[in-house]
Structures are given as C-alpha cells and as structure tokens.
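Coordinate inspection notes
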Amino acid sequence: MNSAHTQPRLSMSQVLLCGGLIVTLSMGIRHGFGLWLQPMTMAHGWSRETFSFAMAVQNLAFGLAGPLAGLCADKYGAFRVLVVSGALYAAGLVGMALATTGAGFTGTAGLMIGLAQSGCTYAVIFGVVARNSPPEKRAWAMGMAAAAGSFGQFLMVPVENWLIGSLGWQSALFVLGCLTLAIMPLAWGLKEPSRGAAQASQQSVGGALREAFAYPSFRLLMAGYFVCGFQLAFIGVHMPSYLRDKGLSPQVASYALALIGLFNVFGTYAAGVLGQKMQKKYILVFIYLSRAVAISL
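Just so it is clear, the model here is predicted, and its values are computed rather than measured. (Residues numbered from 1 in each chain as written. Predicted model: local features only at pLDDT ≥ 70, side-chain atom pairs only at ≥ 80, totals over all residues. Heavy atoms only, no water.)

A few points about the overall build of the protein chain
When helices and strands are counted, the protein chain shows 15 helices and zero strands. Its C-alpha atoms give the protein chain a radius of gyration of 19 Å, within 12% of the compact-globule value 19 Å for 297 residues. Expressed as a percentage of its 297 residues, the buried residues of the protein chain come to 42%. When contacts within the protein chain are restricted to residue pairs at least 6 apart in sequence, long-range pairs at least 24 apart make up 82% of them. Accessible surface computed for the protein chain: about 15400 Å², of which carbon and sulfur atoms make up 70%. Side-chain charges in the protein chain split into 18 positive and 7 negative, and the spacing between the mean points of these groups amounts to 5 Å. (Helix = DSSP H or I, 4+ residues; strand = E, 2+ residues; numbered from the N terminus. Rg over C-alpha atoms; globule rule 2.2 N^0.38 Å. Buried < 20%, exposed > 50% of the residue type's maximum accessible area, 1.4 Å probe, protein only. Contact = heavy atoms within 4.5 Å. Areas by Shrake-Rupley, 256 points an atom, 1.4 Å probe, with all protein chains shown as cover. Lys, Arg positive; Asp, Glu negative; His and termini not counted. Charge placed at Lys NZ, Arg CZ, Asp CG, Glu CD.)

What about the packing of helix α4 (residues 48–76) against helix α6 (residues 102–119)?
At a minimum axis distance of 7 Å, the contact between α4 and α6 shows a crossing angle of 30°. Between α4 and α6, the interaxial angle falls into the category roughly parallel. Here α4 and α6 pass one another in a crossing that is right-handed. Contacts between α4 and α6 involve T50, F51, F53, A54, M55, V57, Q58, A61, F62, A65, G66 and A69 from the first element and G102, F105, T106, A109, G110, L111, I113, G114, L115, Q117, S118 and G119 from the second. Classifying every residue of the contact of α4 with α6 gives 14 nonpolar, ten polar and no charged. (Axes fitted to C-alpha atoms, helices over the stretch in contact; angles between N-to-C directions. Parallel < 35°, antiparallel > 145°, perpendicular 65-115°, else oblique. Left-handed = near helix turned anticlockwise from the far one by under 90°. Nonpolar A, V, L, I, M, F, W, Y, C, P; charged D, E, K, R; others polar.)

Quick word on the environment of S241
For S241, the position within the fold is in helix α13 (residues 216–245). Residue classification places S241 among the buried positions, given a relative accessible area of 3%. Between the alpha carbons of S241 and G34 there is a distance of 7.5 Å; along the sequence they are 207 residues apart. Leave out the neighbours within four places in its chain, and S241 touches G34, L37, Q38 and R48.

Focus on helix α8 (residues 138–167)
With 30 residues, α8 should cover 44 Å at 1.5 Å per step; its first-to-last C-alpha distance of 42 Å lies within 8% of that length. When the local axis directions of α8 are compared, the greatest deviation, roughly 30°, occurs at M156, which is followed within four positions by the proline P158. Count one or two residues on from α8 and you reach G168, which has phi positive near 95°. (Expected span 1.5 Å × (residues − 1). Bend = angle between axes of the 7 residues up to and from the residue.)

Some points on helix α9 (residues 169–180)
The terminal C-alpha atoms of α9 lie 17 Å apart, and with twelve residues this matches the ideal 16 Å at 1.5 Å per residue to within 8%. Listing the buried residues of α9 in full gives W169, A172, L173, L176, G177 and T180. For α9, the buried positions fall inside an angular range of 145° around the axis, keeping them on one side. Buried-residue contacts for α9 involve α2 (12–31), α3 (37–44), α5 (78–98), α8 and α10 (183–186). (Arc of directions from axis to C-beta.)

Section: the side chain of S26
As for its position among the elements, S26 is in helix α2. A distance of 3.0 Å separates a polar atom in the side chain of S26 from the backbone oxygen of C120. (Polar contact = N/O pair within 3.5 Å; in protein donor to acceptor, adjacent residues only side chain to side chain.)

A few points about the pattern of salt bridges
Counted under the stated rule, the structure contains three salt bridges. With its nearest N and O atoms 2.8 Å apart, the salt bridge here joins E192 to R131. One end of the pair, E192, is in the loop between α10 and α11 (197–200); the other, R131, is in helix α7 (residues 122–131), with 61 residues separating them in the sequence. You can call R131 partly exposed: its relative accessible area is 24%. Here the residues in one salt-bridge network are D74, R131 and E192, joined through shared partners. (Salt bridge = Lys/Arg side-chain N within 4 Å of Asp/Glu carboxyl O.)

Below, the structure is given as structure tokens:
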C-alpha cells in the first residue's frame, strides 16, 4: 500500500535541470515554426494554407498523442519515451527540410513532429517532476518546468531567425535536427528507478479517464487549454508573416515572439509560487481574462 511512498526519488535539482533543458529545446523550436512560413511557401510555390494546415495537424497530433505518451511513460519509463521522441523530432525536422509536396510536409512537420512533441514536452516531463518533488514544493517545481518552455521561446526564436538568415531555411532545419538529438542524453537525468509493484497497482486508463471526466474542474481545464492552444498557435504561426506583410523585418517578429516567452517565464514562475498560496482557479481566471484583453488590444 505504501510502496509508492518508499520508492527512491531522483534529485529534484537534477530533474528540474534535465527536464527544463529538454522542454527549453523542444518547446523553443516549436514556437518558432512560423518563421518558416514565408520562405518555405515562396520556395515551393505553396499557399499559406498548405503550411498552416501542416501546423494544425502538428497541434492535433501533439494533443491527441499526449495521453498515449503519458501512458507509455508510466508503463515503460519516461527515459525510453524521451529517447524515442528525441529521435523522432530530429527525423521530423530533417523530413520537413526535404519535403517537396504538401502531403510530405504535412507528414513530417505535422504528424512526425507533433507525435515527437507529445513525448518530449509537458505530458512526460511533468510526470517525472511531480513524482520526484515533495508535495509542499510540487506547484513550485511544476512552475519551474513550465517556465523552461517559455524560456525556450525567448532563447530559441531569435536563434532560429538568425539561422534562417545566415544559413537559409533548409540548412537551419538540419541544424535544429542535430540540436534535438541532445534530448536523448539529457533523458538519462530523468531515468527513474523501477517502480515495480507501484506500477502494477496503478489504475486502468479507462478508469482514470472516467474518474477525471466526472470532475467539472477537469472538463473546464481542458476547455481552457483548448483556448490557450488556439491563441498561441495562431500567433506563433501567422504573426511573423503578418508583420512581414506590413513591411516590418523578420527580426521584429522574432523579437516579439521572444518577448512573449521572456515575460511568460516570469508569469509562469509567479503562477507556480501563487499556486501554493491561492486557489488555482482564481489564478487561471486572471490569466485568461488578461490574455483576452491583451490580444483584443
């Protein structure tokens, strides 16, 4: 009965460092894909709809495969899922660079990268962080891990813009493909001891889903994430080209996206700290209301 509580834990600092670096890399690259919209569509003669459709497939694959990635991490260990996902991410970026048709681009940039992201971002990393953090520090630790994704946007978007300007859009994708391979060695820092009997006693997937959907808070949280994803994906994919259409340089778009990530670092950390002192529903209400006002302005 108490085996889950007596299992050895990884060092929380080790988990936050390795998990944070993985999320920084995987989410940072993801937030910069909009920078490729204009150069790729112009090079291939595609419509913007071709590019945005692939990004939509990527988001759908990311979301739908998230529970499966979490299930695999519970059954086989987060380490294995991260290694496979890192390799798939690299292959998807290379395939994205080599794609010559809309279908090929959707299969690589959309399906492959979306599946890879489900296994090397929050769904898997948060599970490791939660299991290896004491309850009194869990909200703070989750906030730190989430802030790493925002820092990745601040760090990687200008880097991606610089790579495109210096090497060209295709070579830039090859470089990013090599960078994502760093996820595989970083995954060693998240390799947990076998949980044996604790794993065997876990609830079934169907039972867990039925229990979760029975709570109104869970359904509302899913609706909130839907809104969040719609807003961020729309801005990330289309804002760079929109600003270019208005006569602004690509640097303006990369700086704007980077600043979103930078200030989100502070906001995410603050939310994690406040989550230990306030009811989280009030924090979420404030976040979504303020975001709606900002986007409207």
